[in-house]
Amino acid sequence: MPHSHHSHSGQFCKHAKGSLEDVVVEAICRKFEVYGLTEHVPRYRPEDLYPEEAGMALDELASQFDRFLDEAHRLKSKYASQITLLVGLETEYITNPDLDYLEALLTRLSSRVEYIVGSVHHVNAIPIDFDLPTFHKALGSMSAEKEPKAKQEAFLSAYFDAQYELLQRFRPEVVGHFDLCRLYDPGLAFADYPEAWAKAERNITFAVGYGALFEVNAAAFRKGWDSAYPGRDIVELILKLGGRFALSDDSHGPHAVGLNFHRLPEYLKSVGVTELWYLQRSDVANAAGRNVQAAKLEGAWEVHRFWQQ
């Protein structure tokens, strides 16, 4: 302790800041013991590039990801005496071919990718976390539904269906920001949308079954939430279904390493989380065939010296 399983750098992610080494050095300064490096996988259609990537060739995105892995493993070795770095990736599921490309990428890179953060950032191939107008565009794409509540239910259900397909196909070790679909409406209660709630429960049950960890992602605080991802209702459901939690800062540069971690103990205690888990290298392959396993943080996590910084 402490641990973070999800991060980005400006060197390999255009909407982040700083170099990957800057991120690692800051994690060491903040006294992290395990820190995950997880840049986004490449996207494969020009229309899926973000504005800051305008002008980038698709093959440049692919080679940039390979350079990320080279640098991450270099830093893993360089700083091995000071911090345990895990090298992974964060998924993108925009259209069905993205999953085929991811499968090919994992086959090609083999053990260089130690684990996966399984995240969904799009519905109907439209980003849901870029800005509010784009979110509303994604919500409005549920054109078959006329009534607002039905449209919202269809949107949430589409998100959870995409998440379920990702979980089934790749069994990510960490489930990323489980409820990102309500980023711009954090007060939304999934229980008001029975079909979506049932799909969320289905996804959690499946992920628990193969041993996934659910990240408690502190980035939600900087997005204006009064909680981390996931919100209270989802945390309570995960606990009810036997799920396990790991910490993430989802930092987008050295300035955000450990950002708002000081708010996590109060939130976790308020929702009844009594155990925290983290990933570690293992000689025994997990359900996805990758050589990391979840380990339980021993002792009372809430009195760890990290929180006294």
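Heads up: the structure comes first, above all this text.
Computed from a predicted structure; not experimentally measured. (Residues numbered from 1 in each chain as written. Predicted model: local features only at pLDDT ≥ 70, side-chain atom pairs only at ≥ 80, totals over all residues. Heavy atoms only, no water.)

A. Representation of the overall build of the chain within the structure. Per the secondary structure count, the chain includes nine helices and 13 strands. The C-alpha atoms of the chain give a radius of gyration of 18 Å, which matches the 19 Å a tight globule of 309 residues would have. Expressed as lengths along the three principal axes of its C-alpha atoms, the size of the chain is roughly 60 × 45 × 35 Å. Out of the 309 residues in the chain, the part that is buried amounts to 55%. Counting contacts in the chain only where the partners sit at least 6 residues apart, residues at least 24 apart contribute 74% of the total. Put simply, the chain has 32 plus and 44 minus side-chain charges, and the middle of one group is 2 Å from the middle of the other. (Helix = DSSP H or I, 4+ residues; strand = E, 2+ residues; numbered from the N terminus. Rg over C-alpha atoms; globule rule 2.2 N^0.38 Å. Buried < 20%, exposed > 50% of the residue type's maximum accessible area, 1.4 Å probe, protein only. Contact = heavy atoms within 4.5 Å. Lys, Arg positive; Asp, Glu negative; His and termini not counted. Charge placed at Lys NZ, Arg CZ, Asp CG, Glu CD.)

B. How the structure looks around the packing of aromatic side chains. Using the criterion set out here, one finds 17 aromatic pairs in the structure. With a centroid separation of 5.5 Å and an interplanar angle of 35°, the aromatic rings of Phe-160 and Phe-178 are classed as tilted. In this pair, Phe-160 sits in helix α5 (residues 148-170) while Phe-178 sits in the loop between β8 (174-175) and α6 (194-210), placing the two residues 18 residues apart along the sequence. Ring centres of Trp-225 and Tyr-229 lie 4.8 Å apart, and the angle between their planes is 70°; this geometry places the pair in the edge-to-face category. Comparing Trp-225 with Tyr-229, the two get one shared label, buried. An aromatic cluster is present here, built from Tyr-159, Phe-160, Phe-178, Phe-190 and Phe-214 joined pairwise through their rings. Here the basic side chain of Arg-202 rests over the ring of Tyr-164, its NZ or CZ set 4.0 Å away from the ring centre. A cation over a ring is seen here: Arg-244 above Trp-277, with NZ or CZ 4.5 Å from the ring centre. (Phe/Tyr/Trp six-rings, centres within 6.5 Å; stacked < 30°, edge-to-face > 60°. Lys NZ or Arg CZ within 6 Å of the ring centre and 35° of its normal.)

C. Structural detail: the environment of Asn-291. Looking at the secondary structure, you find Asn-291 in the loop between β12 (277-281) and β13 (292-296). In sequence terms Asn-291 and Glu-114 are 177 residues apart; their C-alpha atoms lie 6.7 Å from each other. Looking at Asn-291, its side chain comes within polar contact range of the main-chain oxygen of Asp-283, at 3.3 Å. (Polar contact = N/O pair within 3.5 Å; in protein donor to acceptor, adjacent residues only side chain to side chain.)

D. Expanded view of the environment of Leu-85. Locating Leu-85 in the fold gives a position in strand β4 (residues 84-90). Accessibility expressed as a relative area gives 1% for Leu-85, which makes it buried. Setting aside chain neighbours within four positions, we find Leu-85 in contact with Val-24, Tyr-35, Leu-37, Leu-75, Lys-76 and Glu-114.

E. Local environment of helix α1 (residues 20-29). Inspection of α1 places Leu-20, Glu-21, Val-23, Val-24, Ala-27 and Ile-28 among the buried residues, and these make up the whole buried set. Down the axis of α1, the buried side of the element spans an arc of 155°, and every buried residue falls inside it. Those residues of α1 that are buried lie in contact with β2 (7-8), β3 (34-40), α2 (58-78) and β4. At the C-terminal side of α1, Lys-31 shows a positive phi close to 70°. (Arc of directions from axis to C-beta.)

F. Here's a closer look at the nonpolar core. If you look at the biggest cluster of nonpolar residues, it comprises 85 residues, and the most contacted ones within it are Tyr-35, Phe-68, Ile-83, Leu-89, Ile-128, Phe-155 and Leu-264. Ranked by residue count, the leading element in this core is α5, at eight residues. Each residue touching Ile-83, except ones within four places of it in the same chain, is listed here: Val-24, Ala-27, Ile-28, Phe-32, Glu-33 and Tyr-35. Among the nonpolar cores identified, the runner-up in size contains 12 residues, and Tyr-115, Leu-213, Tyr-278 and Leu-279 belong to it. (Core = buried A, V, L, I, M, F, W, Y, C linked by side-chain atoms within 4.5 Å.)

G. Summary view of helix α4 (residues 132-140). Residues of α4 that are buried include every one of Thr-134, Phe-135, Ala-138 and Leu-139, and no others. Summarising the axial view, the buried residues of α4 lie within an arc of 145°, below the 170-degree limit, and thus occupy one face. In α4, the exposed residues that point more than 90 degrees away from the buried face are Pro-133 and Lys-137. In the core, the buried residues of α4 are packed alongside β6 (122-123), β7 (126-127) and α5.

H. Focus on the packing of α6 against helix α8 (residues 232-240). At their nearest, the axes of α6 and α8 sit 10 Å apart, and the two run at 45° to each other. Between α6 and α8, the angle is such that the two are oblique. Two packed elements cross with a definite hand, and for α6 against α8 that hand is right-handed. Every residue of α8 that contacts α6 at Trp-197, Ala-200, Glu-201 and Ile-204 is listed here: Asp-233, Ile-234, Leu-237 and Ile-238. (Axes fitted to C-alpha atoms, helices over the stretch in contact; angles between N-to-C directions. Parallel < 35°, antiparallel > 145°, perpendicular 65-115°, else oblique. Left-handed = near helix turned anticlockwise from the far one by under 90°.)

I. Up close: unusual backbone geometry. Cis peptide bonds are those with omega within 30 degrees of zero, and the linkage from Tyr-229 to Pro-230 qualifies with -10°. Position of Pro-230 relative to the elements: it lies in the loop between α7 (219-222) and α8. Residues other than glycine seldom take positive phi values, yet Ala-125 does so here, at roughly 65°. Considering the arrangement of structural elements, one finds Ala-125 in the loop between β6 and β7. At Arg-171, a position not held by glycine, the phi torsion is positive, near 45°. Mapped onto the elements, Arg-171 comes out in the loop between α5 and β8.

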